[in-house]
Structure formats: structure tokens, C-alpha cells
Amino acid sequence: MVHFLKDYPTYFEWLTQQCRLLKVPLVNGVQGKASYRLSQTIAGEIEKQGALPFSQFMHHALYEPGLGYYSAGSHKLGEGGDFVTAPELSPLFAQTLSKSFIKVFEQSEAQVLELGAGSGAFAVELMKELEIHNNLPQGYCILEVSADLKQRQRQAIEQSIPHLANRFEWLDRLPEEFSGVIFANEVVDALPVDLVRKQKSQLQKAHVKLDDSGYRFSWQETEAIQEVNSYLKHWPHGYITEHHLQTEYWLEGLVECLSKGAIILIDYGYSADEYYEPHRAQGTLQCYYQQHKHQNPLLLPGLQDITASVNFSQIAYATHKRGAEIVGYCEQALFLMSSGIEQQAAKLAENLGSDTMAQVKISQQLKKLLMPDEMGENCKVLVAAKNCPVQLQGFALSNKLHRL
């Protein structure tokens, strides 16, 4: 442990080696020192309590104040970052979803609570569209864990819609009571999960330890746990998957604070039947660094994103248990098409006139949002409502509640 806590040069050499193996840009000194400090923090926890459940390691790696991936200041979104989300990809995403927000506003307070607002692109485009339709919300709250992203969001709002900046408020925690629309795009997949493996008739939970080298993390033999769901009997020996217990707690908190309105969740994921299919025998956990994907979450602590696909059946169960009604569930492409994204794109193209390059760009954006091999089928939309019997146009083409 002393070697790990004091020898930064060896740690940085290891980080550099990992980057070369992954064939990604090398870590710089600032990144290396931040990762080292985070690793020291995690190592200290291991020293105090022994090997950590993976969910605890993932929480530190992503959310440790000032050091975790989402808490530290680094360029994560868009070109040059680690991933691109739908709001950064095209304004059509927020413009089309605005119809669902307006529909909920008709039966609740006209307020928005966005969780993990990224660069602020969704908030800006949504507010622009709502203003065009004279349906501006009374307030727009953003719950964001990253100080760096908060600053980017403020800048985006002040530069693009300065006359609406006074409607925005940044929160550190969920409000005790909220009425309106709670929105989260690609947030649930970044909530910490436990990794479980079937060994004969038992499940084992993965833990993380400091290995013998003293400067990197490794897996520890897992401990037996109780059955997490009824799919266990169908899993073959050695099957690995994720257990989303923290997601349940998170969702219960959302439903509890919502007095009237709807929760709109958009994320990568599956229903339980799809989630536990035999071909997913290694689980769905993925890591992203400099837009390079791999499957080792113990590398590059604090510098890489760690995600797991969402179990939407579990989400539906958790929200229903707290008194919310599941309004609908379907693929992102079908929801956006039902909501009129193609008509919105045609209108935007018409306004551009003879600008051929801009029209091609719109076509490319549509493809990424709608095509099955892009976000169209991989991302799902789930809407839950509480004290708000709303019907959304987005589920007109398809509503796959029966799959949950």
C-alpha cells in the first residue's frame, strides 16, 4: 500500500501503458495526477474496509467530488470527448420532444427538472421551441453533479437564450416536492451497478482490491449472495450480468418527489427478457475513453466513463411500486417519429433554402437519431406519470408496455 500511495511516477507509467494498449491518446500530467489522487482515495477505502463491492468502486470512479469522471473538469461530450449524446447531435431531438413536455404541462405545473444536463444543449433547444409555441415553463431546474458541466450549461444558456436565463436554477439534490416534467437522457446507464456471476447454483458479487503490484486495481474472488431475480435458473454457469439496486433507490426518490406530472427517461437498454438473453453472458458493462470502447472498468480511474445498459423492466417495477403509472415504452426512433421529427426536419430544411451542405447535415442527424444501428433502436423511451393521466403522441406508432 505504501508503494501505491507514494510512487506517482510508477502509477503514471502504468496509465501510459494502458493508453498504448487501448490505442488512445496518452494521458497528460494533469489527468495523471487527478487519476492518482482518486486511486489513492479508493485505495484508502480498501485499506479501511477490505475489498470494495464493484458498485462502490464505480461510484468513486464516476462521482468522487472533484476527482470522479463526472465530478472533475474535463471535456466529455461531443467531438473530442468520450461520447456524443442526442442533444449534442441535433437540435431536432429537443424540438421534437417539446410536444411531450407541452402535453404534460396541460395537466401539471409548467416546470422542468432535468437530471444530468450535459452541455446544456437540450435545455437551450427545448426552451427555444417552447417559447415559439408560447409554452415556456415557469422554471427550469437542473440537477448536475459536475461543477465543470454546470459552468458549461450556464455559458450555453447565457450565450443562446440570455433573456430566459433567470428561469434556470441549479440544484444539489432533488426537491422535496415537484410538479411538471422530470427528464433524464443517458443518466440511468451511469448509475453504479453491482456485477454478479453465476457459479453453479449460486450468485457471486464482484469486489475490487489493490493487486500485488501496489499501483493498480484487480478483481477479488466474489462472495455468494442471495438470488437477485427469477432469471437465475435460466443462466448458465459463468454467466455475468449487472444488478441495478441503486437504480431502484434513485427512481423511488424521483417518484416520491413528484407530486404531479411525468418522468421521461431515455437511455440505452432493454426489457428484462432481452437483458438476460444467453448471448449477453458477459453482461452489458462498457467503458469509454476518447471515444474508444472497451470492457475493463478498472483501467484509467476517473478518466473513463463506465456505463451499463438499463433494465427497463426493473425501472417500470420500481416506479410502479412508488405509485406512478407507466404511460409507455418503446424505441427512441418510434417515439421521435410518432412525435413528428421527420416533419420537424423537413421544416428546418425548408428554412435553409438552397444550403445543400446544411440539408445533408440534417439528413445525417436524422439517421443517427433514428436508424437501428445507431441510437434509434438501442435507445428506449420510458414515461411514467403520477397524478397526471397523460397520453403522449410519441407512443402512437408503438407502445411496448407488454414487453416490460
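Use the structure listed above.
Here the structure is a predicted model, which means the values were calculated and not measured. (Residues numbered from 1 in each chain as written. Predicted model: local features only at pLDDT ≥ 70, side-chain atom pairs only at ≥ 80, totals over all residues. Heavy atoms only, no water.)

(A) Quick peek at the overall build of the protein. Scanning the protein from N- to C-terminus turns up 15 helices and 16 strands. What you see for the protein is a C-alpha radius of gyration of 22 Å, in line with the 22 Å of a compact globule of 404 residues. Counting all 404 residues of the protein, 57% fall into the buried class. Restricting the contact set of the protein to residue pairs at least 6 apart, pairs at least 24 apart contribute 77%. For the protein, the accessible area works out to roughly 18100 Å², and carbon and sulfur atoms hold 48% of it. Averaging the positions of the 35 positive and the 46 negative side-chain charges in the protein gives two centres separated by 3 Å. (Helix = DSSP H or I, 4+ residues; strand = E, 2+ residues; numbered from the N terminus. Rg over C-alpha atoms; globule rule 2.2 N^0.38 Å. Buried < 20%, exposed > 50% of the residue type's maximum accessible area, 1.4 Å probe, protein only. Contact = heavy atoms within 4.5 Å. Areas by Shrake-Rupley, 256 points an atom, 1.4 Å probe, with all protein chains shown as cover. Lys, Arg positive; Asp, Glu negative; His and termini not counted. Charge placed at Lys NZ, Arg CZ, Asp CG, Glu CD.)

(B) Highlighting helix α14 (residues 356-370). Between its first and last C-alpha atoms α14 spans 21 Å; for 15 residues at 1.5 Å apiece the expected length is 21 Å, and the two agree. Those residues of α14 lying buried are A358, I362, Q365, L366, L369 and L370. Considered in projection along α14, the buried side chains sweep an arc of 115° and stay on one side of the axis. Facing away from the buried side of α14 by more than 90 degrees, the exposed set consists of T356 and M357. (Expected span 1.5 Å × (residues − 1). Arc of directions from axis to C-beta.)

(C) Geometry of the layout of surface pockets. Each pocket or cavity is described by its volume, and for the second largest pocket that value is around 380 Å³. Contributing to the lining of the second largest pocket are 17 residues, with L195, A206, W219, I240 and Q282 lying nearest its centre. Elements with a contribution of two residues or more to the lining of the second largest pocket: β6 (194-199), β7 (202-210), β8 (217-225) and β9 (240-243). The element that contributes the greatest number of residues to the lining of the second largest pocket is β8, accounting for four residues. Residues that form the lining of the second largest pocket fall into these classes: seven nonpolar, six polar and four charged. (1 Å grid on protein atoms, 1.4 Å probe; cavity = no way out; pocket = protein on both sides within 12 Å on 5 of 7 lines; lining within 4 Å. Points joined across faces, edges and corners; volume = space filled by probe spheres on them. Nonpolar A, V, L, I, M, F, W, Y, C, P; charged D, E, K, R; others polar.)

(D) A look at the side chain of K380. Checked against the element boundaries, K380 lands in strand β16 (residues 379-386). For K380, the side chain forms a polar contact with the main-chain oxygen of E377, separated by 3.1 Å. In this view, K380 contacts L265, I266, D267, G269, Y270, F312, Y329, C330, E331 and Q332; residues no more than four positions away in its chain are not counted. (Polar contact = N/O pair within 3.5 Å; in protein donor to acceptor, adjacent residues only side chain to side chain.)

(E) Focus on the state of the cysteines. A full pass over the atoms with the stated rule returns zero disulfides. The cysteine C257 is free of any disulfide, with C141 supplying the nearest cysteine sulfur at 10 Å. By relative accessible area, which is 4% here, C257 ends up buried. (Disulfide = S-S within 2.5 Å.)

(F) Structural context of the pattern of salt bridges. This structure, assessed with the given rule, holds 12 salt bridges. E252 is the partner of K321 in a salt bridge, and the nearest nitrogen-oxygen pair spans 3.1 Å. Of this pair, K321 sits in helix α11 (residues 312-321) while E252 sits in helix α9 (residues 245-257); the two residues are 69 residues apart in sequence, bridging distant segments of the chain. The class of E252 is buried, set by a relative accessible area of 11%. The salt bridge involving R322 is made with E256; its shortest N-O contact spans 3.6 Å. With R322 in the loop between α11 and β15 (325-331) and E256 in helix α9, the pair connects residues that are 66 residues apart, well separated along the chain. (Salt bridge = Lys/Arg side-chain N within 4 Å of Asp/Glu carboxyl O.)

(G) Up close: unusual backbone geometry. The phi dihedral of K23 falls on the positive side, at around 60°, and the residue is not glycine. Mapped onto the secondary structure, K23 falls in the loop between α2 (8-22) and α3 (29-49). The backbone phi angle of Q291 is positive, close to 60°, even though this residue is not glycine. For Q291, the location among the structural elements is in the loop between β11 (286-289) and β12 (292-294).

(H) Representation of the nonpolar core. Core analysis: the largest hydrophobic core is formed by 53 residues, its most contacted members being F93, L97, F101, F122, Y140, F168 and L369. The element that contributes the greatest number of residues to this core is helix α6 (residues 91-105), accounting for eight residues. Leaving out residues up to four positions away in the same chain, L97 has contacts with F122, F183, I266, F335 and L336. The next biggest cluster of nonpolar side chains, apart from the first, holds 28 residues, and it includes L191, L254, F312 and L382. (Core = buried A, V, L, I, M, F, W, Y, C linked by side-chain atoms within 4.5 Å.)

(I) Representation of the packing of α9 against α11 within the structure. Packing of α9 against α11 brings their axes to within 9 Å, and their N-to-C directions diverge by 40°. Here α11 runs oblique to α9, going by the angle between their axes. When the axes of α9 and α11 are compared, the crossing they make is right-handed. The segment α9 lies against α11, with L245, T247, E248, L251, E252 and V255 engaging Q314, I315, A318, T319 and K321. (Axes fitted to C-alpha atoms, helices over the stretch in contact; angles between N-to-C directions. Parallel < 35°, antiparallel > 145°, perpendicular 65-115°, else oblique. Left-handed = near helix turned anticlockwise from the far one by under 90°.)

(J) View of the sheet that holds β12. Taken in spatial order, the three strands line up as β12-β11-β13 in an open sheet, and their pairing is antiparallel. Looking at the sheet topology across the chains shown, the edges are occupied by β12 and β13 (305-307). The mean inter-strand angle of the sheet, taken between neighbouring strand axes irrespective of direction, is 25°. (Pairing = 2+ DSSP bridges.)

(K) A look at the packing of aromatic side chains. Here the structure, examined in full by the defined rule, presents 21 aromatic pairs. Relative to Y70, the ring of Y63 has its centre 5.6 Å away and its plane inclined at 20°; by these criteria the two rings are stacked. The same class applies to Y63 and to Y70, which are both buried. Here the aromatic residues Y8, Y11, F12, W14 and Y36 are joined through ring pairs into a cluster of three or more. Of note, R154 hangs over the ring of W170, and the distance from its end group to the ring centre comes to 4.5 Å. (Phe/Tyr/Trp six-rings, centres within 6.5 Å; stacked < 30°, edge-to-face > 60°. Lys NZ or Arg CZ within 6 Å of the ring centre and 35° of its normal.)

(L) Inspection of the environment of Q49 at higher detail. Positionally, Q49 belongs in helix α3. Only 3.3 Å separates the side chain of Q49 from the side chain of Q56, close enough to count as a polar contact.

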